[in-house]
Amino acid sequence: MATLIGALSLVALLFFSSFPPAAESRGSRVRKLEEESDFFLTQKEHWFNQTLDHFSITGHRKFQQRYYEFLDHYQAPKGPVFLVVCGEESCDGIFRNYIVALAKKFGAALVSLEHRYYGKSYPFSNLTARNLQFLSSKQALFDMAVFRQYYQEHLNAKYGVGESPWFVIGLSYAGALSAWFRLKFPHLTCGSLASSAAIHMVYNFADYDLQMGRSVGTECKTVLQEITHLAEKQLQNDGNSVKNLFGASKIKDDYFLYLLADVAGSAIQDGTPDQLCSPLIDAKRNGTNLLEVYSTYIKNNFLGNYSSLDLYDPEYYKNTTPGQNSADRLWWFQLCTEFGNFQVAPKSDAIRSSRIDLRWHLNFCKNMFGSVYHKINMTNVYYGGKNISGTKIIFTNGSQDPWLGASKQTSSKDLPSYLLKCHNCAHGFDLAGCPSSASDVKEKCENAVHAVRQKIIEHMELWLSQCSA
């Protein structure tokens, strides 16, 4: 796993392109980061022929799927292979982050496969709803399985290694794929790391909003609630004036309200709640206009850094031409058809507007894709939701992450789960690390990250040794 319905969080981007962060879609922030080659270990593209429909007995169509490899730390012939899962964005290389330390420690080859349809791995020349029928997590898992076999043969031919031990690593949606791959293909991997993985699907994901409130504390939550109420009231009286204040005059009212909640969700999910809350709390105490202060924050810290108001225009999502901005439409298709977890206001103590309810989301889906079949409940049946019955899967989460309620928090010997506990421990921090913040806060974050990373290494050492025995 905030832009309309959630841009990809910074922590996820610093690991690899991955899952719904703040809310439910991807944003342009990743495009800006990807312009900096220093973020990557490698951006050298490789390609192989992938099957379009793994479940058809008659279809033989193939498409070109992009992948990357990094072998600088690989200790052939006994070194493991780490499959770094790419999620719902263009996968433009293998990121520099904690995965490098893991590769060095274990002498591992790193290989990363782009998710079908995203980036340059699209099978069709246009992204109509009909052509998106092969875009699903189930097809993506089989992509990973087929690729795993292909790449193992590649290593065999190059190094004469025989069968390597594999370990799958993912964050956010890619974290869910990592867990599900171990569940469905246990013979193809020694274990998986599922960081901030939303594996439990519901239609009304009100817990996202409730966790936002818990993460920022009572005073900031109250201010955010007041901002929502003020905006709703002014939209009724003079909608243009309040939207003009935010530079959002062209956005429809409901999408504007979505923006207000999305911004807060993004900050909390990225682990920067103080940057969000401090100016708002000061404004409330000083009697300053809250909407003016929030509009300044949004322009300087949200739109100014990585997002765009285009993501709050429904027409933006109707573009069916594959390209730089396709990920937003593609991710919405997956949400509408198999994932849901639509962020709606809880019945009480809500931060976001109650106008953005399940009906709003389902109408959005219908407007984008026609009468698509919602298989959200079946996703839990197929994978198990929080009752996933796999083994050797590590689940990690941040205590302040709004997606916490959709992940697995109960721990067992076969399915260990660890919680990073600190003031700003949010989405994917075990892999991406802590954000820049006040030194005392960052120190606590780094201590929490270090403790969980040690647990990750212990499990990986054990499971890889068992796999190689």
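Our subject in this report is the structure included herewith. (Residues numbered from 1 in each chain as written. Predicted model: local features only at pLDDT ≥ 70, side-chain atom pairs only at ≥ 80, totals over all residues. Heavy atoms only, no water.)

## Description of the overall build of the protein chain
The following threshold applies: Strands are runs of DSSP state E lasting at least two residues, helices are runs of H or I lasting at least four, and both sets are numbered from the N terminus onward. Here the globule rule reads 2.2 Å times residues to the power 0.38, and the radius of gyration is calculated from C-alpha atoms. Throughout, exposure labels follow a simple rule: accessible area from a 1.4 Å probe, protein chains only, divided by the maximum for the residue type, with under 20% read as buried, over 50% as exposed, and the rest as partly exposed. Shrake-Rupley sampling with a 1.4 Å probe provides the accessible areas, and residues are treated as covered by the protein chains on show and by no other component. Working convention for charge: Lys and Arg count positive, Asp and Glu count negative, and His plus the chain ends are omitted. Here the site of a charge means atom NZ of a Lys, CZ of an Arg, CG of an Asp or CD of a Glu.
Of regular secondary structure, the protein chain possesses 15 helices and 10 strands. The C-alpha radius of gyration computed for the protein chain amounts to 22 Å, which stays within 12% of the reference 23 Å derived for 469 residues, consistent with globular compactness. Expressed along its principal axes, the backbone C-alpha trace of the protein chain runs to roughly 70 × 50 × 40 Å. In the protein chain, which comprises 469 residues, the proportion classed as buried is 62%. Surface summary for the protein chain: the accessible area is close to 17800 Å², and the carbon and sulfur share equals 48%. When the 46 positive and 44 negative side-chain charges of the protein chain are each reduced to one mean point, those points stand 5 Å apart.

## A short note on the sheet that holds strand β8 (residues 192-195)
Put simply, the test is: By the convention used here, strands pair only if DSSP detects at least 2 bridges between them. Axis definition: a line fitted to C-alpha atoms, over the contacting stretch in the case of helices. Angles run 0 to 180 degrees between N-to-C directions.
Ordered by their spatial adjacency, 8 strands build an open sheet running β2-β3-β6-β4-β7-β8-β9-β10, and the pairing between neighbours is mixed. Two strands lie at the open edges of the sheet, namely β2 (46-51) and β10 (417-420), each paired on one side alone. On average, each strand axis in the sheet is tilted by 25° relative to the strand beside it, whichever way the strands run. Bridge count for β8 against strand β9 (residues 393-398) is 4 bridges, and the pairing is parallel.

## What about the side chain of R329?
Quick note on the threshold: A pair is scored as a salt bridge if a Lys or Arg side-chain nitrogen falls within 4 Å of a carboxyl oxygen belonging to Asp or Glu.
Along the chain, the position of R329 falls in helix α11 (residues 326-339). Comment: no salt bridge for buried R329; closest opposite-charge side chain is E315, at 9.6 Å.

## Describing the state of the cysteines
Quick reminder of the rule: Pairs of cysteine sulfur atoms within 2.5 Å are what we label disulfides.
Inspection of the entire model under this criterion finds 6 disulfides. Residue C86 pairs covalently with C91 via a disulfide, S to S 2.0 Å. For C86, a relative accessible area of 1% puts it in the buried group. Judged by relative accessible area, which is 1%, C91 ranks as buried. Across the disulfide, C190 is cross-linked to C467 (sulfur-sulfur distance 2.1 Å). With the S-S dihedral at roughly -75°, the linkage between C190 and C467 falls on the left-handed side.

## A short note on the pairing of strand β6 (residues 109-113)
The buried fraction of β6 is high, at 5 of 5 residues. Direction of pairing for strand β3 (residues 62-70) relative to β6: antiparallel, over a ladder of 4 bridges. In the sheet register, Y68 faces β6, and the bridge partner there is S112. Pairing of strand β4 (residues 81-85) with β6 involves 5 bridges; the strand directions are parallel. Looking across to β6, one finds that V81 is bridged to A109.

## Remarks on the pattern of salt bridges
Per the stated rule, a full pass over the model turns up 15 salt bridges. A salt bridge links R66 to D92; the nearest nitrogen and oxygen atoms lie 3.0 Å apart. Here D92 lies in the loop between β4 and β5 (94-95) and R66 lies in strand β3, a separation of 26 residues in the sequence. The same class applies to R66 and to D92, which are both buried.

## Thoughts on unusual backbone geometry
The bulk of non-glycine residues show a negative phi, and the bulk of peptide bonds are trans. The linkage connecting A76 with the following residue, P77, adopts the cis geometry, with an omega of 10°. Secondary-structure assignment places P77 in the loop between β3 and β4. The backbone of S196 shows a phi angle near 50°, a positive value even though the residue is not glycine. As for its position among the elements, S196 is in the loop between β8 and α6 (207-216). Here N341, not a glycine, exhibits a phi torsion of approximately 50°, which is positive. Within the secondary structure, N341 is located in the loop between α11 and α12 (358-369).

## Quick notes on α12
Threshold: In a helix, the anticipated span is given by 1.5 Å times the number of residues less one. For this quantity, the arc is that covered by the directions from the helix axis to the C-beta atoms. We call two residues contacting when some pair of their heavy atoms lies within 4.5 Å. Polar contact is the term for a pair of N or O atoms within 3.5 Å; when the atoms are in protein, one must be able to donate a hydrogen and the other to accept it, and sequence-neighboring residues count only if both atoms are side-chain atoms.
Along its 12 residues, α12 runs 16 Å from first to last C-alpha, staying within 8% of the 16 Å computed at 1.5 Å per residue. Buried within α12 we find W360, H361, F364, C365, M368 and F369. Projected down its long axis, α12 carries its buried residues within an arc of 140°, all on one side. Projecting away from the buried face of α12 at angles above 90 degrees are the exposed residues R359 and K366. Looking at the buried positions of α12, the neighbouring elements they touch are α8 (253-269) and α11. For α12, the N-terminal cap is D357; the gap from its side-chain oxygen to the backbone nitrogen of R359 is 3.3 Å. G370 occupies a position one or two residues after α12 and carries a positive phi of about 80°.

## Some thoughts on the side chain of S172
By the secondary structure assignment, S172 is in the loop between β7 (166-171) and α5 (173-184). For S172, a relative accessible area of 0% gives the class buried. A polar side-chain atom of S172 sits 2.8 Å from a polar atom in the side chain of H427.

## Re the environment of W331
Tracing the backbone shows W331 in helix α11. C-alpha of W331 to C-alpha of E89: the two residues are 242 residues apart in sequence and 8.4 Å apart in space.

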